[in-house]
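Tertiary structure, described
Here's the letter readout for the chains.
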Amino acid sequence: MADFTRGLAQCGARVIGLGEHPVNSLSWTVKQSLADYLCVPSLVDTDSVLAAVRQKAAHTPIDRVECLWEPFMTLAAQLREMLDIGGMHTAQTELFRDKKKMKDALDAAGLRTPRNSTATGTDAIRAAAELIGLPLVIKPIAGAGSAHTHEVRDQAGLEAAIEDVGEHREVSVEEYIEGEEYTFDTVCANGRILYENIAWYRPKPIIGRNVEWISMQTVNLRNLDRPELMAGRELGRRVIETLGFRTGFTHMEWFSTPSGEAVFGEIGGRPPGGRSVDLMNFSNDFDIYKGWAQAVTRGEFNQVAHRRYNAAAIFKRARGQGHICAIHGLDSLRHRYGEHIVVEDLLPIGAPRRNWRQTLLSDGYLVVRHPDLARTLEIADAVGTDLQIDAR
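Only a predicted model underlies this, so the values are computations on that prediction, with no experimental measurement involved. (Residues numbered from 1 in each chain as written. Predicted model: local features only at pLDDT ≥ 70, side-chain atom pairs only at ≥ 80, totals over all residues. Heavy atoms only, no water.)

**A word on the overall build of the protein**
- When helices and strands are counted, the protein shows 14 helices and 17 strands.
- For 392 residues, the compact-globule formula gives about 21 Å, and the C-alpha radius of gyration of the protein, at 21 Å, lands near that figure.
- For the protein, the spread of C-alpha atoms along the principal axes amounts to about 55 × 55 × 45 Å.
- Out of the 392 residues in the protein, the part that is buried amounts to 53%.
- Contacts in the protein between residues far apart in sequence, at least 24 positions, make up 64% of those at least 6 positions apart.
- As displayed, the protein offers around 17,600 Å² of accessible surface, 49% of which is attributable to carbon and sulfur atoms.
- When the 45 basic and 52 acidic side-chain charges of the protein are each reduced to a single mean position, those positions are 4 Å apart. (Helix = DSSP H or I, 4+ residues; strand = E, 2+ residues; numbered from the N terminus. Rg over C-alpha atoms; globule rule 2.2 N^0.38 Å. Buried < 20%, exposed > 50% of the residue type's maximum accessible area, 1.4 Å probe, protein only. Contact = heavy atoms within 4.5 Å. Areas by Shrake-Rupley, 256 points an atom, 1.4 Å probe, with all protein chains shown as cover. Lys, Arg positive; Asp, Glu negative; His and termini not counted. Charge placed at Lys NZ, Arg CZ, Asp CG, Glu CD.)

Here it is in structure tokens:
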């Protein structure tokens, strides 16, 4: 969040941080961008957070509330309602949090979404699966990323998904959409789309997040006018219009089927994670963080989207368990691709391996870029196959 805070400060905003960590634990970059900081015991204690902010607002005017992390989008909406200020309030925020409500709204507008049903508990999930039919996807109603998301193609897969999601988590049981998966990301102001971005997931997260040896890729695309993307761009614009999004970042995921149909996946009223925002900067050689801040503070976006490069982040998972003990192939990649590798962020030797199921970043990543898409994919695939990290 440091760069978003920096962007706001650079646009002249007086930024008050709200968090549960002591101010002396914040990074120097964040502290330099904050005019004030309000520390609360816990962000999940809604009543105490509302009380603390109410007390703060009695002495310090608060004009906007911005939240960039999915779990606290509802809290941000409640704060806006309490302060009687603009931005998404609770009812609209639910359209961007509750997968059933968002799809119902889009279905009513005639937009293509996967057939879906909500369910809680074993019996209800089995009944919904029977209704939707295989193959299908089971995922939490509210959530970000691919946690507790399952591709189900047979009865064994259904039972494994039920065991993982448990008896008390409400889930969406959805039609599985064959094809490629993309994003449609925007920065908006007052209902106008000021910047558009499309990234390609290789492979689909539902596959990559469940197979340990896969090096997942997010590929930011330079040319948004490619024929296979046009239906998804139009779908994305209509989704934002239908849901009434006004100002800030949006992050939508959609599918392109073998027939060329664009099918909605889901949308969040916040930026994407997994270094995807940084990929926008590497594609355009601009400052997306400042551009977002311009949108939310001034209703404008003055960054120039040059779209010079495709940019890909490749996320690596170590072989073995324990601590990182060796990194293979990095020198060779540097020799072969040199200037096209723009970020190397791997866990150092001796660091404990991360839990690959809990973080997309896994044990580190590289970012590469090139004007030509085929060349970008070649380099990204070489990182996937030739860079190996060992742990023991």
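Past the structure itself, the notes keep going.
**Structural notes on the packing of aromatic side chains**
- Counted under the stated rule, the structure contains eleven aromatic pairs.
- Among the aromatic residues, those joined into a cluster by ring pairs are Phe4, Phe249, Tyr289 and Trp292.
- The ring of Trp200 has Arg202 sitting right over it, with the charged end atom 5.2 Å from the ring centre.
- Its guanidinium or amino end placed over the ring of Tyr309, Arg369 lies 3.9 Å from that ring's centre, counting from NZ or CZ. (Phe/Tyr/Trp six-rings, centres within 6.5 Å; stacked < 30°, edge-to-face > 60°. Lys NZ or Arg CZ within 6 Å of the ring centre and 35° of its normal.)

**What about helix H10 (residues 227-243)?**
- With 17 residues, H10 extends 26 Å from end C-alpha to end C-alpha; this agrees with the ideal 24 Å at 1.5 Å per step.
- When H10 is considered as a whole, its buried residues turn out to be Leu229, Gly232, Arg233, Leu235, Gly236, Val239, Ile240 and Leu243. Along the axis of H10, the buried positions cluster into a sector of 165°, meaning they face one direction only. Exposed side of H10, more than 90 degrees from the buried face: Pro227 and Glu241 are the residues found there.
- Looking at the packing, one finds that the buried side of H10 touches helix H5 (90-97), helix H6 (99-108), strand E7 (180-189), strand E8 (192-197), strand E11 (248-256) and strand E12 (262-268).
- Within two residues after H10, Gly244 carries a phi angle of roughly 70°, on the positive side. (Expected span 1.5 Å × (residues − 1). Arc of directions from axis to C-beta.)

**A closer look at the pattern of salt bridges**
- Under the definition given, this model contains 32 salt bridges.
- Measuring nitrogen to oxygen at the nearest pair gives 2.9 Å for the salt bridge that ties Arg233 to Asp225.
- Overall, the relative accessible area of 11% leaves Arg233 in the buried class.
- On the basis of relative accessible area, Asp225 is assigned to the exposed category, the value being 55%. (Salt bridge = Lys/Arg side-chain N within 4 Å of Asp/Glu carboxyl O.)

**Observations regarding the sheet that holds strand E4 (residues 136-140)**
- The antiparallel open sheet is built from four strands, whose spatial order is E3-E6-E4-E5. Lying at the two open borders of the sheet, with one neighbouring strand each, are strand E3 (116-119) and strand E5 (150-152). On average, adjacent strands in this sheet sit at an angle of 25° to one another, irrespective of strand direction.
- Sitting on the sheet, helix H8 (residues 155-165) is in contact with E4, E5 and strand E6 (171-175), with an inclination near 155° to E5. (Pairing = 2+ DSSP bridges. Axes fitted to C-alpha atoms, helices over the stretch in contact; angles between N-to-C directions.)

**Let's talk about the nonpolar core**
- Counting 62 residues, the largest nonpolar core has Val239 and Ile267 as the members making the most contacts within it.
- Top contributing element to this core by residue count: helix H14 (residues 373-386), with six residues.
- Those residues within four positions of Val239 in sequence are excluded, and the remaining contacts are Leu106, Leu111, Met252, Phe264 and Ile267. (Core = buried A, V, L, I, M, F, W, Y, C linked by side-chain atoms within 4.5 Å.)

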